[in-house]
Number of protein chains: 2
Amino acid sequence: MMASNRQVNSNTESVDNYLKAILALSGPEEQSVSSTALARRLGVAPASVTNMLQKLASARPPNVEYEKHRGVRLSPEGKRRALEVLRHHRLIETFLYEILDFPIEEVHDEAERLEHFISERFEERIAAKLGHPKFDPHGHCIPAMNGRMPKQRSKSLANLDGDGDFVVESVSDRDSALLKQLKAHGIAPGSRLRVTKSPQEEFILKATRQPKSLRLALSVASAVRIRSS
Amino acid sequence: MMASNRQVNSNTESVDNYLKAILALSGPEEQSVSSTALARRLGVAPASVTNMLQKLASARPPNVEYEKHRGVRLSPEGKRRALEVLRHHRLIETFLYEILDFPIEEVHDEAERLEHFISERFEERIAAKLGHPKFDPHGHCIPAMNGRMPKQRSKSLANLDGDGDFVVESVSDRDSALLKQLKAHGIAPGSRLRVTKSPQEEFILKATRQPKSLRLALSVASAVRIRSS
DNA sequence: CAATTATCTTAGGCTAGCCTAAATACTTAG
DNA sequence: CTAAGTATTTAGGCTAGCCTAAGATAATTG
Ligand SMILES: [Mn+2]
Ligand SMILES: [Mn+2]
Ligand SMILES: [Mn+2]
Ligand SMILES: [Mn+2]
């Protein structure tokens, strides 16, 4: 068999999802991302990832920089597209929450589908309707139309040194059961929190003026990001 | 080669589009629809239609009733699904027009994509937000949640006998250039119209209190449906 | 009613995006 | 520095949904 892999590969839903996953996994340092990490995140086999990375790299202009066995990073074009889709995602989430009164724990899954199919006009209209918001309902920054997005300077609850009082900066959008729990305990972006660490390495969160406190296992604590109050 | 065509065929975007096309082409009499008519409407080759009809017919429960060389009609299940998608389509159009201030001539294309990807929750929320509307911005009836939809008792402008005064019931959503023209001449669902037929078999439309009248060729006149005023 | 024409179906291919199994290349422990 | 172990890629397949070309059926018409 021969190369055979020099196809066009325009912006399909699947391509969008790979680019978004690379953006998320490469982090603020924009480190290169391994095939297996992508496979795990996207729920596909590693071989499928390799195949797609080859296509993304041989697109013209390329969507990623990829060398066998050394992981992948976004090209300028790939990053542009990833941020465009991320903007769609977060605008849609904000819109579902603010205008359509979706419960917070349901906005992510809906946005995950719709982000690929809305037009530029739709994007522009909901942005206008919402007053060009800077943050989505989970506290995540919405990339600007030109692709700029300020770095977050918060830290994950999981990396916390000692007890103290904090403000919630953002909560992960991907665990809807957790989002429901947090909501029930009055914990949302902007909430003031008292955090203590239990002997069993759990985090005890209590929001101001909330009757009950919430115990979080270390494994889910990374879903909450905080800054000093 | 053997049959090989007994697959699962769940509700993909393509399946939705075939079912919607059959619903539209079979008309109020629910006549059977030919492969070529479907091929023309969907912009695919006739062979592709035959192939899809075989799958739709062998789904369990079947989406269509199909016999070689004698056209196709929707099964109860297929009709249910087609009306569901049509409801999505028209609700989305209404929503884009009323809430997001889309220009009338742009709502159709956007709805055509999004109709396949919104959740039941999204459907329910926009319906509530809009006050459970009965008609979309083109004047078309929105199927109810249970799938019921009253028959239209209007007639097409193209089948008009003589001149007279009428009320616009609906305008086709599929020709965006025409929609722009109609808008510029104050012609929309509910408008009062004076219609005269020119010697060259054109229709002259003049809406009440509008300065200019509009000449429509017979070929596009079918896009406007009217009832007596 | 037989021949021509129009419509429809079958056969065989293609691409995107996935899969599993097998091969290969890095990494690391001894 | 080599051997095992892990990560990654290659090879070969599969399905959905499209295509073209060729064959079959139905409709029309002289
Ligand atoms: Mn999200
Ligand atoms: Mn955009
Ligand atoms: Mn429409
Ligand atoms: Mn629905």
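*Asks:* Quick question: what am I supposed to make of the packing of aromatic side chains here?
*Replies:* Pairs of aromatic rings are described using the distance from one ring centre to the other and the angle between the two planes. With the rule as written, the count across this model stands at six aromatic pairs over all chains. Aromatic ring contacts, followed pair by pair, group Phe95, Phe102 and Phe122 of chain A together with Phe95, Phe102 and Phe122 of chain B into a single cluster.

*Asks:* Would you mind going over the pattern of salt bridges with me for this structure?
*Replies:* Working definition: two side chains of opposite charge can pair if their charged atoms are close together. Counted under the stated rule, the structure contains 30 salt bridges over all chains. The closest approach of N and O atoms between arginine 215 of chain B and glutamate 202 of chain B, which form a salt bridge, is 2.8 Å. Placement of the pair is arginine 215 of chain B in strand S7 (residues 214-216) and glutamate 202 of chain B in the loop between strand S5 (192-197) and strand S6 (203-207), with a sequence separation of 13 residues. Assessed through its relative accessible area of 18%, glutamate 202 of chain B is described here as buried. Among the ionic contacts, a cluster of salt bridges with common partners joins Lys20, Glu112 and Glu115 of chain A.

*Asks:* Which parts of the structure should I look at to understand the relation of the copies chain B and chain A?
*Replies:* In summary, the two copies of the chain are related to each other by a rotation about an axis coupled with a shift along it. Superposing chain B onto chain A takes a rotation of 180 degrees combined with a translation of 0.0 Å along the rotation axis, leaving an RMSD of 0.0 Å. These values place the two chain copies in the arrangement generated by a two-fold rotation axis. When C-alpha distances to the rotation axis are compared across chain B, the minimum falls at leucine 114 of chain B, with a value of 3.7 Å. When you check the interface residues of chain B against chain A, 100% turn up at the interface there too, and the contact is symmetric in its surfaces.

*Asks:* What is the right way to look at the coordination of the manganese ion (ligand 3) in this model?
*Replies:* Octahedral metal centres with six donors ideally show angles of 90 or 180 degrees, and tetrahedral centres with four donors ideally show 109.5 degrees. Residues and elements named next belong to chain B. Donor atoms from the polypeptide that bind the manganese ion (ligand 3) are His89 (NE2), Glu93 (OE), His108 (ND1) and Asp173 (OD), placed at 1.9 to 2.0 Å. Counting along the primary sequence, the residues that act as donors to the manganese ion (ligand 3) give the motif H-x3-E-x14-H-x64-D. Of this pair, histidine 89 and glutamate 93 both sit in helix H4 (residues 76-98), four residues apart, which is roughly one turn of the helix. For the pair histidine 89 and glutamate 93, a shared accessibility class is recorded, and that class is buried.

*Asks:* I keep staring at helix H6 (residues 120-129) of chain B and nothing clicks. Help me out?
*Replies:* Residue pairs spaced three or four apart in an α-helix point in one direction, given the helix's 3.6 residues per turn. Within H6 of chain B the residues assigned to the buried category are Phe122, Glu123, Ile126 and Ala127 of chain B. Axial view of H6 of chain B: buried residues confined to an arc of 130 degrees, hence all on one face. Residues of H6 of chain B that are buried sit in contact with helix H4 (76-98) and helix H5 (107-114) of chain A together with H4 of chain B. Immediately beyond the C-terminal end of H6 of chain B, within one or two residues, lies glycine 131 of chain B, with a positive phi of roughly 75 degrees.

*Asks:* Sorry if this is basic, but what is going on with the protein's contact with DNA strand D here?
*Replies:* Taken together, the neighbourhood of DNA strand D is formed by 23 residues, with Thr36, Gln54 and Tyr66 of chain A together with Thr12 and Ser48 of chain B sitting nearest. For DNA strand D, the fraction of protein-proximal atoms (within 4 Å) that sit in sugar or phosphate groups is 83%. Contact distances for DNA strand D include 2.4 Å between a phosphate oxygen and a side-chain N or O atom of glutamine 54 of chain A. Separating a phosphate oxygen of DNA strand D from a backbone N or O atom of alanine 45 of chain B is a distance of 2.7 Å. Broken down by class, the residue content of the surface near DNA strand D amounts to eight nonpolar, 13 polar and two charged.

*Asks:* In this structure, what is going on with the environment of serine 191 of chain A? I would like to understand it.
*Replies:* Residues and elements named next belong to chain A. When you line up the elements, serine 191 lands in the loop between helix H7 (176-184) and strand S5 (192-197). Residue class for serine 191 comes out buried when judged on its relative accessible area of 14%. Sequence-distant contacts of serine 191, that is, excluding residues within four places in its chain, are made with Phe166, Val167, Val168 and Gly186. Polar side-chain contacts of serine 191 include one of 2.8 Å to the backbone oxygen of alanine 188.

Thresholds applied
- Residues numbered from 1 in each chain as written.
- Chains lettered and ligands numbered in written order.
- Predicted model: local features only at pLDDT ≥ 70, side-chain atom pairs only at ≥ 80, totals over all residues.
- Heavy atoms only, no water.
- Phe/Tyr/Trp six-rings, centres within 6.5 Å; stacked < 30°, edge-to-face > 60°.
- Salt bridge = Lys/Arg side-chain N within 4 Å of Asp/Glu carboxyl O.
- Helix = DSSP H or I, 4+ residues; strand = E, 2+ residues; numbered from the N terminus.
- Buried < 20%, exposed > 50% of the residue type's maximum accessible area, 1.4 Å probe, protein only.
- Least-squares fit on C-alpha atoms with pLDDT ≥ 70 in both.
- Contact = heavy atoms within 4.5 Å.
- Donors = N, O, S within 2.8 Å, 3.2 Å for Na, K, Ca; no water.
- Arc of directions from axis to C-beta.
- Near = heavy atom within 4 Å.
- Polar contact = N/O pair within 3.5 Å; in protein donor to acceptor, adjacent residues only side chain to side chain.
- Nonpolar A, V, L, I, M, F, W, Y, C, P; charged D, E, K, R; others polar.

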